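Structural features, examined
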Amino acid sequence: MEQEKEQLIKRVEKLRTKVESNPRSGPMLEVARELRQQRDREQSLSSQKQEQRNNVNYVQNRTSRLKQQIESMRRSASQLTPEVMIRKLDESVRTNSYLVNQKLRNDVKAKKAVCEDLERVAGEAGLSQADLKKLQEKIREVNNEASRLTEKKMMSGGESPEDKLSMFRQQAAIVVRKKESTAEKLAELRSDLQTLEADVVEKRGTLGVTGGGEILRDDDLKRYANKLRSKNATYKKLRQDFTNLEEETRTLQYTEEQLQGRLNYVKQNLATIEAKKGVSGFVDTQDKLEEVSAKKADLDEMKGKTLDNISEMVRALTLKVNEKRAALQPKIREVRPLREKHQKVAAEFTEKKSAFEKTTAGYESNRAKSEAEVTRRSVPAGCQGHVLQARSMRAECSAEESRLFYLHSMKEILSLQQRRIQDEVKLYTSSNNQDKKRSMREEYNRRISEQDALSKTLREQQKDVREKHQSSQDQVRLWRDVQRLMQMKMSFSNHKVAVEPKATKTNAGNQQRMVFDEDD
């Protein structure tokens, strides 16, 4: 074991030095890793392909079997005429009638007779040994009497009419016995069939509860066995690969332990050298600086990715804006003449409005003058009511005119809204996708989906920021520690530079002493 261990260590060292000496070791290891991944993927794809082939064969065989069943059912249906069905139904009716009217009735009578005998026996007193002997003697006498009668009948030469019918009676009795035995066999077979059907239903229910599939037949069972054999072979191969990987892992772990021990030894030596030179902790500080630099590089990479994502988002938004602008160009071209027409109509409306206001102002001034003149003059007592009535009617007329203008405007607005609703319904019910895209419903749905996507992106960014907040704070704290450390080193270096001119070194034998001036 020790020799094998040393050989493995030497082999690992040789391979490590060989790999490290190669300048392209990193890309080659990456290519080897990709090759292994691709081989694993190829094996998985081949196993999937074999499984799909087995499934295809299973489906094809099942399809052929179902086709054969359908063909046999069609042949049986073609041979099944109404006369045959009626004949089968008649036979079934006769069988069931015999079972109900004769077989079951005889069975009931026999059971009743047995019950009566049992009740009679249970009701009688217990028989003694002498009673049993008397019964046996009586049975023996009856048997002897029957034997004598039989012999007497056989010795008699003449045949009576009853003897001529005995053969037919025997045949009828044989037929009855055959019918009874056949009926008993049929009842037994029916009971067995019901039991088996109940067992099948129970087994299917159990399979359904336990998650089992369909009961396999012979061909399906053979295919399933072949599939299990292929899976077993694949399992053995994968198990062998797993064993090899475990051995390789153990070797690598041992190598890692050896290298870790060497690294610890080197660190101890390095710490001793640093203590001798007066720069203790230099390597640790350098490692921390490298770690902080690596984290800073990761942070810069993340920031770069974030900037790339923002640039991609800006690019996507620019493309969407351009698409919307291109989609709105036809509408803008349609709106331009309408806008010009609106401006013309607005100018005409303003002109007409100013003319109307001037006319109204003149009318109101004339009316006010007339009212003032009427008021100034003395109005007869009988005409004051007519004057008040005219004023109220004039106010009512003005109010009705205002209401008429308001209702007319509301009617125009409602008619415009009705036309917009009709256009929207036509666009939505149209079979053309371009017309549907122009509808307000599709537009609002697009806006809603865009806002949902934007909110989802913002939530993901918020989640990312929350997850990386602690690490960012740690990085900031580390950078501050590094900054303080560098400031302390700079202050120490400045102090050392300031002190060195005032110090001299003296050698006494093999010793070095630093002597400061007394001024300090």
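Because the structure is a prediction, the values reported are computed rather than measured. (Residues numbered from 1 in each chain as written. Predicted model: local features only at pLDDT ≥ 70, side-chain atom pairs only at ≥ 80, totals over all residues. Heavy atoms only, no water.)

Another point: the overall build of the protein. A count of helical and extended segments in the protein gives 10 helices and 2 strands. Going from the N terminus to the C terminus, the protein shows its helices and strands as α-α-α-α-α-α-α-α-α-α-β-β. Evaluated residue by residue, the protein yields a buried proportion of 4% over its 520 residues. For the protein, the proportion of contacts with a sequence separation of at least 24, taken over those separated by at least 6, is 55%. Working note: accessible area of the protein is about 46300 Å², and carbon and sulfur atoms make up 56% of it. (Helix = DSSP H or I, 4+ residues; strand = E, 2+ residues; numbered from the N terminus. Buried < 20%, exposed > 50% of the residue type's maximum accessible area, 1.4 Å probe, protein only. Contact = heavy atoms within 4.5 Å. Areas by Shrake-Rupley, 256 points an atom, 1.4 Å probe, with all protein chains shown as cover.)

Bringing helix H3 (residues 82-123) into the picture now. For H3, built from 42 residues, the straight-helix expectation of 62 Å at 1.5 Å per residue is met to within 8% by its first-to-last C-alpha distance of 59 Å. Along its length, H3 shows its largest kink, about 35°, at leucine 99. All of the buried residues in H3 are Tyr98, Leu99 and Lys103. (Expected span 1.5 Å × (residues − 1). Bend = angle between axes of the 7 residues up to and from the residue.)

Here the focus is a nonpolar patch on the surface. Taken together, Met313, Leu317, Leu454 and Leu458 make up a surface patch of nonpolar side chains, about 340 Å² in accessible area. Those elements that provide at least two residues to the nonpolar patch are helix H7 (282-376) and helix H10 (440-499). Its place among the elements puts methionine 313 in helix H7. (Patch = residues over 30% accessible without salt bridge, like charges linked within 9 Å, V, L, I, M, F, W, Y side chains within 5 Å. Salt bridge = Lys/Arg side-chain N within 4 Å of Asp/Glu carboxyl O.)

Tracing the backbone through its elements, the reader meets glutamine 475 in helix H10. Beyond its immediate chain neighbours, meaning those up to four positions away, glutamine 475 contacts Lys295 and Leu299.

Enumeration according to the criterion identifies 9 salt bridges in this entry. Salt-bridge contacts for glutamate 443 lead to arginine 446; the nearest nitrogen and oxygen are separated by 2.5 Å. Residue glutamate 443 and its partner arginine 446 are both found in helix H10; the two are separated by 3 residues, about one turn of the helix. Here glutamate 443 makes a salt bridge to arginine 447, at a shortest N to O gap of 3.4 Å. Of the two residues, glutamate 443 and arginine 447 are both situated in helix H10; the distance of 4 residues between them amounts to about one turn of the helix. When its relative accessible area of 46% is taken as the criterion, arginine 447 is described as partly exposed. Through salt bridges with shared partners, one network takes in Asp474, Arg477, Asp481 and Arg484.

Taken residue by residue, the protein gives an average pLDDT of 78. The fraction at 70 or more is 86%. Contacts of residues 502-520 to residues separated by more than four positions or lying in other chains number 19 contacts, the stretch itself having pLDDT below 50. (pLDDT = per-residue confidence, 0-100.)

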